[in-house]
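# Observations on chain architecture
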Amino acid sequence: MMTPMTAVWRKYRLVGSHVVGRAFSTNNRRIVDLRSDTVTQPTAAMLHAATQATTGDDVMGEDPTVTALEHHAAELFGKERALYVPTGTMANMCAILSHCHYNKSAEMIIGSKSHINLYEGGGYANLAGVSCKQIPEDENAIFSMDDIRDSYFSDNDDHYAKSTLICLENTQNMLGGVALPASYISSIGKMAQERDMKVHIDGARIMNAAVALNTSPSDLCEGADSISICLSKGLGAPMGSILVGETEFIRLARRARKRLGGGMRQVGVIASMGMHALTNNVDRMADDHSRAQRIASELKNAGFFLPRDGQVDTNIVFFALPDNSKLMKEELPAKMFEKYGVKIAGGYSKGGRMFRLVTHMDVDDEGVDATIEGIISLCIP
Ligand SMILES: Cc1ncc(COP(=O)(O)O)c(C=O)c1O
């Protein structure tokens, strides 16, 4: 059962012509939740879209709202087809199964700090049966081309599992929302093509990357064969992801979705909220980025450690406490919530020293002020 302190709902107010929501706990205390951009509550406009959705059985391909969303996404990314799935994890898994053709001697190359490697339950191995070479990313989420060359195995030797797929992550979450530019994706695509490999982008936050780099999703992802896009992160929908790629890739991905239990029926009710998010909530991400940048520069100036010397491309800020901090790292999340109503997540990398803050639709300037003031006044002597 939810306790009154943890239950959160959203109140709406009108700012100009926009309805803006804010999270409150049941005792009417304002909550600023920076643990992730997955915590947003659906907006009034999204809920309205759900009430207007026309639906059908999507396993039979008869849900017009899902079909419209898939067409829209395919066009946006300049790919032939798209597939709507419940989660980002399932989108990535369908991509791996489809690219590797259910082939148990396939291998993929992934970043050691990627979500697919760290946080998807080892699904590539235990569900897809695909082996994996993990290579390090530098602090800008870039692979060394030599590492890719060294990791590549063709199928001309019985010792080898054939390198079939390279996965990128854009934006790269665990390195701090780094946005990978189109030129880099193209160079990886070219190298993959020369070796008969495919490129998949875990694009849970690809729209953040497109906004930060001021480029269209199709230009950004031209060098990739497939992209998974989360509607439930910075775009603010309650659930859903889309996978885009060429027609045969999507046919196999659709079969994979069914095998994984992700075929849904009258899911246009939910897809309508995803469509609303993808058509209305992209440009506003620039506000999330500038709020994250403001947090980063204030914390850096106050003496906190930030990766990449405080450079923040999108909506994710990692930081560690300075040596002279008044508080221990274990104490900060509870104190922030108790005194400032701000939820933050800790325990990330470098021996669990790093905290992560993620800005999103339900965090406004006042929330950012409270966050900066709270962290600095609790930690800096
Ligand atoms: C980079 C990245 N990829 C994939 C996912 C998986 O998304 P989902 O939680 O919808 O499975 C996440 C979730 O946080 C993510 O950050």
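Not measured: the values here are computed from a predicted model.

If you tally the helices and strands in the chain, you get 14 helices and 14 strands. For 381 residues, the compact-globule formula gives about 21 Å, and the C-alpha radius of gyration of the chain, at 21 Å, lands near that figure. With the C-alpha coordinates of the chain rotated into their principal frame, the extents come out at 65 × 50 × 40 Å. In the chain, the proportion of contacts linking residues at least 24 apart, taken out of those at least 6 apart, comes to 71%. In the form shown here, the chain has an accessible surface area of approximately 16,200 Å², with 51% of it arising from carbon and sulfur atoms. Of note, the chain has its 39 positive side-chain charges centred 5 Å away from the centre of its 45 negative side-chain charges.

A word on the confidence of the model for the chain. Here the chain averages 93 in pLDDT, while 92% of its residues score no lower than 70. Considering only residues more than four positions removed or in separate chains, one finds that residues 1–7, a stretch of pLDDT under 50, has 12 contacts.

Here we come to the site of the ligand. Near the ligand there are 13 residues, and of these G88, T89, D202, R205 and K233 occur at the shortest range. One of the side-chain nitrogen or oxygen atoms of D202 is found 2.7 Å away from a nitrogen atom of the ligand. Residue contributions to the shell around the ligand peak at three residues, all from helix α3 (residues 88–99). When its residues are assigned to classes, the shell around the ligand shows two nonpolar, six polar and five charged.

When its domains are assigned, the chain resolves into domain 1 (48–280) and domain 2 (284–379). Each partner contributes to the interface: domain 1 provides 20 residues, whereas domain 2 provides 13 residues. A combined buried area of about 1,500 Å² lies between domain 1 and domain 2, and 57% of that area is made up of carbon and sulfur atoms. Between the two partners, domain 1 and domain 2, sit zero salt bridges. Taken together, the residues of the side of domain 1 that touches domain 2 sort by class into 10 nonpolar, eight polar and two charged.

In this section: the sheet that holds strand β13 (residues 345–348). Strand order in the open sheet formed by three strands is β11-β14-β13, and the pairing between neighbours is antiparallel. Only two strands of the sheet have a single partner each, and these edge strands are β11 (316–319) and β13. Neighbour-to-neighbour, the strand axes of the sheet open up by a mean angle of 30°, direction not taken into account. Note: β13 against strand β14 (residues 354–358), two bridges, orientation antiparallel. What sits directly across from Y348, in β14, is M354. Across the sheet, helix α12 (residues 285–301) touches β11 and β14, and the angle it forms with β11 is around 15°.

The rules behind each value
Residues numbered from 1 in each chain as written. Predicted model: local features only at pLDDT ≥ 70, side-chain atom pairs only at ≥ 80, totals over all residues. Heavy atoms only, no water. Helix = DSSP H or I, 4+ residues; strand = E, 2+ residues; numbered from the N terminus. Rg over C-alpha atoms; globule rule 2.2 N^0.38 Å. Contact = heavy atoms within 4.5 Å. Areas by Shrake-Rupley, 256 points an atom, 1.4 Å probe, with all protein chains shown as cover. Lys, Arg positive; Asp, Glu negative; His and termini not counted. Charge placed at Lys NZ, Arg CZ, Asp CG, Glu CD. pLDDT = per-residue confidence, 0-100. Near = heavy atom within 4 Å. Polar contact = N/O pair within 3.5 Å; in protein donor to acceptor, adjacent residues only side chain to side chain. Nonpolar A, V, L, I, M, F, W, Y, C, P; charged D, E, K, R; others polar. Domains from an automatic or database assignment. Buried area = accessible area lost by both parts, 1.4 Å probe. Salt bridge = Lys/Arg side-chain N within 4 Å of Asp/Glu carboxyl O. Pairing = 2+ DSSP bridges. Axes fitted to C-alpha atoms, helices over the stretch in contact; angles between N-to-C directions.

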